[in-house]
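Here is how the chains run, residue by residue.
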Amino acid sequence: MTPLNRNTKGVFAIAPTPFDKEGAIDFDSLSRLVDFYGDAGVTGLTLLGQMGEAPKLSHEESVRIVQHVIKRTDLPIIVGVSAPGYAAMRALTVDVMSAGAHGVMIAPPNTLRTDDQIVSYYEGAAGAISADVPFVLQDYPLSFSVVMSPAVIARIANAAPGCVMLKHEDWPGLEKISALRQLEADGAMPRLSILCGNGGLFLDFETERGADGAMTGYCVPELLVDVVRHTAAGDRDAAHDIFDAHLPLLRYEQQPGIGLAVRKYVMKRRGILASDTQRKPGAALSARARTEVDYLLSRLTRKDSRVALMA
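From a predicted model like this one, the values you see are computed outputs, not experimental measurements.

Draft legend 1. Representation of the overall build of the chain. Along its length, the chain carries 12 helices and 8 strands. A compact globule built from 311 residues would reach a C-alpha radius of gyration of about 19 Å, and the chain, at 18 Å, matches this within 12%. Over its C-alpha atoms, taken along the principal directions, the chain stretches across nearly 50 × 45 × 35 Å. Expressed as a percentage of its 311 residues, the buried residues of the chain come to 57%. Taking as baseline every contact in the chain between residues at least 6 positions apart, the subset at least 24 positions apart corresponds to 73%. Counting 32 positive and 36 negative side-chain charges, the chain places the centres of these two groups 5 Å from one another.

Draft legend 2. Region of interest: a negative patch on the surface. The grouping of Asp-235, Asp-237, Asp-241 and Asp-244 at the surface amounts to a negative patch. Along the chain, the position of Asp-235 falls in the loop between helix H9 (221-232) and helix H10 (236-253).

Draft legend 3. Quick look at the packing of helix H1 (residues 27-40) against helix H2 (residues 59-72). It is at 10 Å that the axes of H1 and H2 come closest, and there the two elements cross at 45°. Taken together, H1 and H2 sit at an angle that is classed as oblique. Here H1 and H2 pass one another in a crossing that is right-handed. Where H1 approaches H2, its residues Phe-27, Leu-30, Ser-31, Val-34 and Asp-35 are matched on the opposing element by Arg-64, Ile-65, His-68, Val-69 and Arg-72.

Draft legend 4. Looking closely at the packing of aromatic side chains. All told, the structure shown has 6 aromatic pairs when counted by the stated rule. Summarising the aromatic geometry, the rings of Tyr-86 and Tyr-121 are spaced 5.4 Å apart at their centres and angled 35° between planes, so their arrangement reads as tilted. Of this pair, Tyr-86 sits in helix H3 (residues 86-99) while Tyr-121 is found in helix H4 (residues 115-129), placing the two residues 35 residues apart along the sequence. Note on Tyr-122 and Phe-135: the rings are 6.4 Å apart at their centroids and 10° apart in plane angle, and the pair reads as stacked. With a gap of 13 residues between them, Tyr-122 in helix H4 and Phe-135 in strand S5 (residues 135-139) connect regions that are remote in the sequence. Counting every residue linked through ring pairs, the aromatic cluster contains Tyr-86, Tyr-121, Tyr-122 and Phe-135.

Draft legend 5. Quick look at the packing of H10 against helix H12 (residues 287-303). H12 packs onto H10 with a crossing angle of 160° between their chain directions and a minimal axis gap of 9 Å. The angle between the axes of H10 and H12 places the two elements in the roughly antiparallel class. For the crossing formed where H10 meets H12, the hand is left-handed. Judged by residue contacts, Ala-245, His-246, Pro-248, Leu-249 and Tyr-252 of H10 engage Ala-289, Glu-292, Val-293, Leu-296, Leu-297, Leu-300 and Lys-303 from H12. Classifying every residue of the contact of H10 with H12 gives 9 nonpolar, 1 polar and 2 charged.

Draft legend 6. Layout of the pairing of strand S3 (residues 77-80). Taking every second residue as pointing to the same face, both faces of S3 are buried, with Ile-77 and Val-79 on one and Ile-78 and Gly-80 on the other. Note that the unit made of strand S2 (residues 44-47), H2 and S3 has a crossover that is right-handed. In this structure, S3 lies alongside strand S4 (residues 103-106), joined through 3 bridges in parallel fashion. For Val-79, the partnering residue across the bridge sits in S4 and is Val-104. The parallel pair S3 and S4, bridged by H3, forms a crossover whose chirality is right-handed.

Draft legend 7. Highlighting unusual backbone geometry. Going from Trp-171 to Pro-172, the amide bond is cis rather than trans, its omega being 0°. Inspection of the secondary structure puts Pro-172 in the loop between strand S6 (163-168) and helix H7 (174-185). Here the amide bond leading from Lys-280 into Pro-281 is cis, since omega sits at -5°, within 30 degrees of zero. On the secondary structure map, Pro-281 appears in the loop between helix H11 (259-269) and H12. Of note in the backbone geometry, Leu-48 takes a positive phi value of approximately 60° without being a glycine. On the accessibility criterion, Leu-48 (5% relative accessible area) is buried.

Criteria and cut-off values
Throughout this description, residue numbers start from 1 for each chain and increase along the sequence as written. Where local features are concerned, this predicted model is filtered to residues with pLDDT of at least 70; where side-chain atom pairs are given and counted, the filter is 80 or more; whole-chain, interface and lining totals use all residues. Values shown for side chains rest on all heavy atoms present in the structure; no hydrogens or waters enter the calculation. Elements are defined by DSSP. Helices are runs of H or I of four residues or more, strands are runs of E of two residues or more, and each kind is numbered from the N terminus. Both definitions apply: the radius of gyration is a C-alpha atom measure, and the globule rule equals 2.2 Å times residues to the power 0.38. A 1.4 Å probe rolled over the protein chains alone gives each residue an accessible area, and that area as a share of the maximum for its type sets the label: buried under 20%, exposed over 50%, partly exposed in between. Here a residue-residue contact requires only that any non-hydrogen atoms of the pair lie within 4.5 Å. Residues scored as positive are Lys and Arg, those scored as negative are Asp and Glu, and His as well as the terminal groups of each chain are ignored. Charge positions come from single atoms, namely NZ of Lys, CZ of Arg, CG of Asp or CD of Glu. Patch criteria: residues need more than 30% relative accessible area and no salt bridge. Like-charged residues are merged within 9 Å; nonpolar side chains of Val, Leu, Ile, Met, Phe, Trp and Tyr are merged within 5 Å. In these tables, accessible area is a Shrake-Rupley quantity obtained with a 1.4 Å probe, and a residue counts as shielded only by the protein chains included in the view. By definition, a salt bridge exists where a carboxyl oxygen of Asp or Glu is found within 4 Å of a side-chain nitrogen of Lys or Arg. To define axes, lines are fitted to C-alpha atoms, for helices over the stretch in contact only, and angles between the resulting N-to-C directions are given on a 0 to 180 degree scale. Oblique is the label for any angle not under 35 degrees, not over 145, and not in the 65 to 115 range, which are roughly parallel, roughly antiparallel and roughly perpendicular in turn. Left-handed is the label given to a crossing in which the near helix is rotated counterclockwise from the far helix by less than a right angle, and right-handed is the label when the rotation is clockwise. Stacked, tilted and edge-to-face are the three classes assigned to paired rings of Phe, Tyr and Trp, where Trp is represented by its six-membered ring and a pair needs centres within 6.5 Å; plane angles under 30 degrees give stacked, over 60 edge-to-face, the rest tilted. In this count, Pro and Cys sit with the nonpolar residues alongside Ala, Val, Leu, Ile, Met, Phe, Trp and Tyr, while Asp, Glu, Lys and Arg are called charged and the others, Gly among them, polar. If the strands point away from the viewer and the path from the first strand over the helix to the second runs clockwise, then the crossover is right-handed. In short, DSSP must find at least two bridges between two strands for them to pair.

Here it is, written out as structure tokens:
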């Protein structure tokens, strides 16, 4: 069985793309980042997602990043290949799968409005990338302005065998997870692996509703691993206790517009990234915001000693 299938569980960390202060890809930081994720116990990595600044990369840069990571780790790799048209999606899919990726992730373009348009788009995408390529359906209406009901997701899963996973980021979305699992139980759709995003903001209850894990990029991925592990073991209180300790920082990082800036700043403070630079255009933290994040980190380190910080 491939590492990416309809029963995949665990934590696939969304990796940010490290840049130096001039905006060039920092491959040394990328190597440290990959090693860090492995040490944190994640199940796999997702590259070139929304928080990976994928639209700011050229095709050649995207392929180089994937090749570098695959050479660095044995973890399963998913690559974001979202594009409004199929040609660019197909070209990047061919190159990253040839490099050793295990699957791709496809978000809907914001032009889709009706259920039929959404299903037709994903049927076309599945044909464009090849039927033997497993793909992740990214459902993030707050960002993409495309609303997918459970019935639409069921239609896509039935029509496209390559659709093996849902990246669930609807908000509120707990009832949606329950509805999807009920559709599966009723035989109305095949089982999908459900990994949740939104920075992990609702992961404590998403896993209880039937999600298989997380696919997001919170700056302390050890927390995501803990919640998924404790829930799977039936230790509800342990899952909620560690989640509650991280919630203030989790919430701060999830602010629209500056979330990636917070994430990169914390990873710089943790000694993983040499710089918290984003490629332009990109938001930067104000001096006041940095002091607020530092305060949250200082409080978190009292409860979670794994969050060691550099000066």
